[in-house]
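An overview of the molecular structure
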Amino acid sequence: MMRTNLAMAALVSIMLVSAAFAADHDKKHNDAFVPGPDGETRIAREVRHQLVMLPYYGIFDDIGFLVAGGTVTLVGQVTRPTLKSDAQNVTKRVEGVTEVVNNIEVLPPSPMDDQIRLAEYRAIYGDPALSTRYGFRALPSIHIIVKNGHVTLEGVVANQGDKNIVNIRANSVPNVFSVTNDLQVEGG
């Protein structure tokens, strides 16, 4: 009985901390895999489309962008250096883009980070409640970014409950120093 109460208290505190952290998080860029608002410019729609169509863009990468007139600034983290240059090249070709500022960070190669990526993937997308909703898409909406043992979750989920489940599953993976849950809730 005591263990059950302790486990419930830990679960509730994790949920409250993650909700409080998410409320403080304010994103100033557009994620490529998140649909844009209705009033989005043609350049932003086309840049988003070109980035999502990159062949090696996957769940272990996070690419975002800002559009200011004809200047597009690329931001985020990728696991492959070629993905950084590919993103810049396809963005340059969008009609109306006059300049591309590429601030995408290439994550350092690390066997330990690769193990954490796979373990996080199994923990999150191996959950039956999450895999059917998010795992069977061409580009799943939950992205797992690992840098030097620190995990950041990026993307979109349908509701706060899913966000909390993802957070709990991500925190259950061993050898992770920290988990930052930057997931957004649809319509929120």
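Residues numbered from 1 in each chain as written. Predicted model: local features only at pLDDT ≥ 70, side-chain atom pairs only at ≥ 80, totals over all residues. Heavy atoms only, no water.

It is worth spelling out the sheet that holds strand S6 (residues 150-157) at this point. Taken together, 3 strands build an open sheet; the order of strands is S5-S6-S7 and the sheet is mixed. Since the sheet does not close on itself, it has two edges, and those belong to strand S5 (142-147) and strand S7 (178-185), each with one partner. Looking at each pair of strands side by side, their axes are set apart by 15° on average, direction ignored. Pairing between S6 and S7: 8 bridges, direction parallel. For His 150, the partnering residue across the bridge sits in S7 and is Ser 178. (Pairing = 2+ DSSP bridges. Helix = DSSP H or I, 4+ residues; strand = E, 2+ residues; numbered from the N terminus. Axes fitted to C-alpha atoms, helices over the stretch in contact; angles between N-to-C directions.)

What follows concerns the confidence of the model for the chain. With 78% of its residues at a pLDDT of 70 or more, the chain shows a mean pLDDT of 83. Element-level pLDDT for the chain is lowest in helix H1 (residues 2-24), with a mean of 38, against a maximum mean of 97 in strand S4 (residues 99-106). A low-confidence stretch, residues 2-26 stays under pLDDT 50, and its non-local contacts, those more than four residues away or across chains, total 13 contacts. (pLDDT = per-residue confidence, 0-100. Contact = heavy atoms within 4.5 Å.)

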